[in-house]
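Summary of the model geometry
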Amino acid sequence: MYRIAYCSPLNPVASGISDYSEELLPYLGQYVEIDLFVERGITPSNANLRRILPVLPLGSLPARHGQQPYAAVIYHMGNSPVHSAIYEMLARVPGVVVLHDWVLHHFKLGYLAAHHALRSYQAELHERYGAAGRRAAERMLRGQLTDAVFGMPLNDDVLNRALGLIGHSRFLVERARAVRPELPMALVPMGVPLPPGLDPLAARAMLGLGPGPIWASFGHVNPYKRVEPALQAFRQLRTVYPHAQYLLVGSVSPHYDLDSIIKQMGLIGSVTVTGYVPPEVFNSYVAAADLCLNLRYPTAGETSASLLRLLAAGRPTLVSATDAFLELPDAVCPKVDVDRSEQALIYHYAHLLHTTPALATALSENARAFVAHEHTLARTAEGYIRFLAQLYGWRLPEPTRPPLWEVIPEPFYSATTRGPGHLTATIASSSATIEAVTSGVGKALAELGITADDDLALRDVAAIVTGLLT
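First, a word on scope: everything that follows refers to the structure included in this document.

Cut-off values and rules
Counting starts from 1 at the beginning of each chain's written sequence and moves along it residue by residue. Whole-chain, interface and lining totals are the exception, using all residues; otherwise, since this is a predicted model, local features are given only for residues with pLDDT of at least 70 and side-chain atom pairs are given and counted only at 80 or more. Side-chain numbers here rest on the full set of heavy atoms in the structure, without hydrogens or water. Only DSSP runs of H or I covering at least 4 residues are called helices, and only runs of E covering at least 2 are called strands; the numbering of each starts at the N terminus. Only protein chains enter the accessibility calculation, which uses a 1.4 Å probe. A residue is then buried if its area is under 20% of the maximum for its type, exposed if over 50%, and partly exposed in between. Note on definitions: a residue-residue contact is assigned when non-hydrogen atoms from the two residues lie within 4.5 Å. In this description, accessible areas are obtained by the Shrake-Rupley approach with a 1.4 Å probe, and a residue is regarded as covered only by the protein chains that are shown. Two strands are counted as paired when DSSP detects at least two bridges linking them. Among the buried residues, those of types Ala, Val, Leu, Ile, Met, Phe, Trp, Tyr and Cys that are joined through side-chain atoms within 4.5 Å form a nonpolar core. To pair, rings of Phe, Tyr and Trp, with the six-membered ring standing in for Trp, must have centres within 6.5 Å; the planes then decide the type, stacked if under 30 degrees apart, edge-to-face if over 60, and tilted in the middle. To obtain an axis, a line is fitted to C-alpha atoms, over the contacting stretch when the element is a helix, and the angle between two such axes runs from 0 to 180 degrees between their N-to-C directions. The labels follow the angle: roughly parallel below 35 degrees, roughly antiparallel above 145, roughly perpendicular from 65 to 115, and oblique for the rest. Three classes are used, and their members are as follows: Ala, Val, Leu, Ile, Met, Phe, Trp, Tyr, Cys and Pro are nonpolar, Asp, Glu, Lys and Arg are charged, and the others, Gly among them, are polar. Each helix should span, by expectation, one fewer than its residue count multiplied by 1.5 Å. Two N or O atoms form a polar contact when they lie within 3.5 Å of each other; inside protein one atom must be a possible hydrogen donor and the other a possible acceptor, and for residues adjacent in sequence the pair counts only when both atoms belong to side chains. Consider the strands pointing away from the viewer: the crossover is right-handed when the path from the first strand over the helix to the second runs clockwise.

Our focus in this paragraph is the overall build of the protein chain. When helices and strands are counted, the protein chain shows 18 helices and 13 strands. The 470 residues of the protein chain split such that 55% are buried. By sequence separation, contacts in the protein chain at least 24 residues apart represent 73% of the contacts at least 6 residues apart. For the protein chain, the accessible surface area stands at approximately 19,400 Å², while carbon and sulfur atoms represent 53% of it.

Next comes the structure, spelled out in structure tokens:
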């Protein structure tokens, strides 16, 4: 059986890719032997994973690969600081990159800041994107978000180091092919577990929710999640359904004044911002929702695991008509244009679903069936193996055993929905990361001749690069 090296964040590292890997690995292990490589000091919290698979420090990969070469080396890369060690190792030991985000700009900014190399950041943006890149760099270094950076992915060095590329959307693969047409690539669907059904009425009763229409948005709330047009549409809906409720379930960016927005719209009392809730309560919110909104623009070119989990739970869901979301069938989730019609489309889609129960039921059934057929973990593992066999010249392996452990399906979960012990660890880890990045940014800015007297929001810069796009 072929042996591969698998390099990825794993829980308790707060990343959706940690969840992704822990769900995929049992199925990938049906075909190949796997050595897991994680950043030094990380002990995976998944007991099954620790018991069944070797877990090794990432720094030992070059020596192990040199002594007894692996049949393949896989790196998971995303737009988050948790990928720094993986990014460095890719430069030392080439391998296949699973690229989770087309845009790596925020990762790159944080990485260069931590290494006191912001001059390189400025120079790269200016060299690649001219005056627009220079202006974007100036704004980002002052902690001022700019949508322009979503068009400046800063992923060239990752693509150039890769021996092959796996992407989860045509959007990402086509853009990568335009940059490196000679690089072997594969489009592999992202797999998620199919959860058991939940009783909406029981969930509402447990949560103390009324009988009116319930909207819900899940996950970290930030300026790119289109909350304001959604709230405007919801305010319009309440003229027809006065008892309608909107649930925002998950953490809120400290740099996004959501409470003021809700107050200005006169929606206090009809909009609930839950913050962190434990998994069983979170899952009940998913079950209770009549309509889920998974909107975002601009995007980093990601495939949304959170969306797939909502669809797997059979929830009628609206998505933004942009990037990889456009690849989803209209019969699975309606799409909302990100132009002046956005608010009106949200309202009219919602009104139609609330007044046509048969349509909502059909959408729910289509969503669950779509994930059950197109986005299974078994299909994802098979896609990996087919690509690796083609790239490395293997005889195509067949699965020789059942999944290495049982993946317990849940309707929806992410870094914001784990248990209290995990939450404490995540907060501590995030705080340490922010402090480290803030310190690095401060030193790097000083080297550029910029001081605190310039009224720079250093903590804002740290926030940008430590999870704003989560």
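After presenting the structure, the write-up continues.
With that out of the way, let us pick up the sheet that holds strand 12 (residues 317-320). As summarised here, the arrangement of the 6 strands in space is 10-9-8-11-12-13, forming an open sheet in which the pairing is parallel. Of all the strands in the sheet, the pair left with one neighbour each is strand 10 (271-275) and strand 13 (335-336). In this sheet, strand 13 lies alongside strand 12 in parallel orientation, the contact comprising 2 bridges. Of the residues in strand 13, the one forming a bridge with serine 320 is valine 336.

Moving on to the nonpolar core. With 51 residues, the main nonpolar core has Leu61, Tyr75, Leu99, Tyr121 and Leu165 as its most contacted residues. Mapped onto this core, the elements with two or more residues apiece are strand 1 (3-7), strand 4 (72-77), helix 4 (84-92), strand 5 (96-99), helix 5 (105-114), helix 6 (118-141), helix 7 (156-161) and helix 8 (170-179). Top element by residues in this core is helix 6. It accounts for 7 residues. Apart from residues no more than four positions distant in its own chain, leucine 61 is found in contact with Ala5, Cys7, Phe37, Tyr70, Val73, Tyr75, Met89 and Val93. By size, the runner-up hydrophobic cluster in this structure holds 45 residues, among which are Val188, Phe325, Ala389 and Leu404.

Applying the stated rule across the entire model yields 11 aromatic pairs. When the ring of phenylalanine 234 is compared with that of tyrosine 246, the centres are 5.5 Å apart and the planes differ by 55 degrees; the resulting orientation is tilted. Highlighted residues: phenylalanine 234 in helix 10 (residues 227-237) and tyrosine 246 in strand 9 (residues 245-249), separated in sequence by 12 residues. Of the two residues, phenylalanine 234 and tyrosine 246, both sit in the buried class. Centroid distance tyrosine 392 to tryptophan 394: 6.2 Å. Interplanar angle 20 degrees. Geometry classified as stacked.

Of all the 8 residues making up helix 13 (residues 305-312), 7 are buried; the element is thus mostly covered by neighbouring parts of the structure. Regarding helix 13, the residues found buried are Ser306, Leu307, Leu308, Arg309, Leu310, Leu311 and Ala312.

Where helix 14 (residues 342-355) contacts helix 15 (residues 357-374), the two axes come as close as 5 Å, and the packing angle between them is 105 degrees. It follows that helix 14 is roughly perpendicular to helix 15 by the angle criterion. For the pair helix 14 and helix 15, contact is made by Leu352, Leu353 and Thr355 and by Pro357, Leu359, Ala360 and Leu363, respectively. Considered class by class, the residues forming the contact of helix 14 with helix 15 number 6 nonpolar, 1 polar and no charged.

What follows is about helix 1 (residues 16-28). With 13 residues, helix 1 extends 18 Å between its outermost C-alpha atoms, agreeing within 8% with the 18 Å of an ideal straight helix rising 1.5 Å per residue. Of all 13 residues making up helix 1, 11 are buried, and the element is well covered by its neighbours. All of the buried residues along helix 1 are Ile17, Ser18, Asp19, Tyr20, Ser21, Glu22, Glu23, Leu24, Leu25, Pro26 and Leu28. N-cap assignment for helix 1: the residue whose side-chain oxygen lies 3.0 Å from the backbone N of isoleucine 17 is serine 15.

Here we take up the side chain of histidine 105. Residue placement: histidine 105 occurs in helix 5. Given the relative accessible area of 0%, histidine 105 is considered buried. Of the polar contacts made by the side chain of histidine 105, one reaches the side chain of tyrosine 121; its length is 2.8 Å. Here histidine 105 is in contact with Asn79, Tyr121, Leu125, Val149, Met152, Pro153 and Leu154, once residues within four sequence places are set aside.

To continue, consider the pairing of strand 6 (residues 164-167). Across the two faces of strand 6 the burial is the same, with Gly164 and Ile166 and Leu165 and Gly167 all buried. Two elements, strand 5 and strand 6, share 3 bridges in a ladder whose sense is parallel. Note on strand 6: the bridge partner recorded for valine 97 is leucine 165. As judged from the 3 bridges shared by strand 6 and strand 7 (residues 185-187), these two strands associate in the parallel manner. What sits directly across from leucine 165, in strand 7, is methionine 185. Crossover connection from strand 6 via helix 8 to parallel strand 7: handedness right-handed.

Now for the side chain of threonine 317. Locating threonine 317 in the fold gives a position in strand 12. What makes threonine 317 buried here is its relative accessible area of 0%. Reaching out from threonine 317, the side chain makes a polar contact with the backbone oxygen of arginine 315 at a distance of 2.8 Å. Excluding its chain neighbours within four sequence positions, the residues that come into contact with threonine 317 are Leu291, Cys292, Asn294, Leu307, Leu310, Leu311, Cys333, Pro334 and Leu363.

On to the sheet that holds strand 3 (residues 55-57). As a general point, the strands of a sheet are linked pairwise by backbone hydrogen bonds and lie either parallel or antiparallel. On the basis of which strands lie adjacent, the open sheet formed by 7 strands has the order 3-2-1-4-5-6-7 and parallel pairing. Two strands close off the open sheet at either side, each with one partner strand: strand 3 and strand 7. Averaged over all neighbouring strand pairs, the angle between strand axes comes to 25 degrees, with direction disregarded. In the packing of helix 1 onto the sheet, the strands contacted are strand 1, strand 2 (33-38), strand 4 and strand 5, and the crossing angle to strand 1 comes to about 170 degrees.

Time to look at the environment of aspartate 19. With respect to the helices and strands, the residue aspartate 19 is situated in helix 1. Residue aspartate 19 is classed as buried on the basis of its relative accessible area of 4%. Residues aspartate 19 and proline 9 lie 10 residues apart in sequence; the distance between their C-alpha atoms is 8.8 Å.

Below, the discussion takes up the pairing of strand 10. Of the pairings in the sheet, the one linking strand 9 to strand 10 comprises 4 bridges and is parallel in character. The residue of strand 10 that forms the bridge with valine 249 is glycine 275. Note on the crossover from strand 9 through helix 11 (residues 258-264) to strand 10: the handedness is right-handed.

These values are about where atoms sit, not about what they do.
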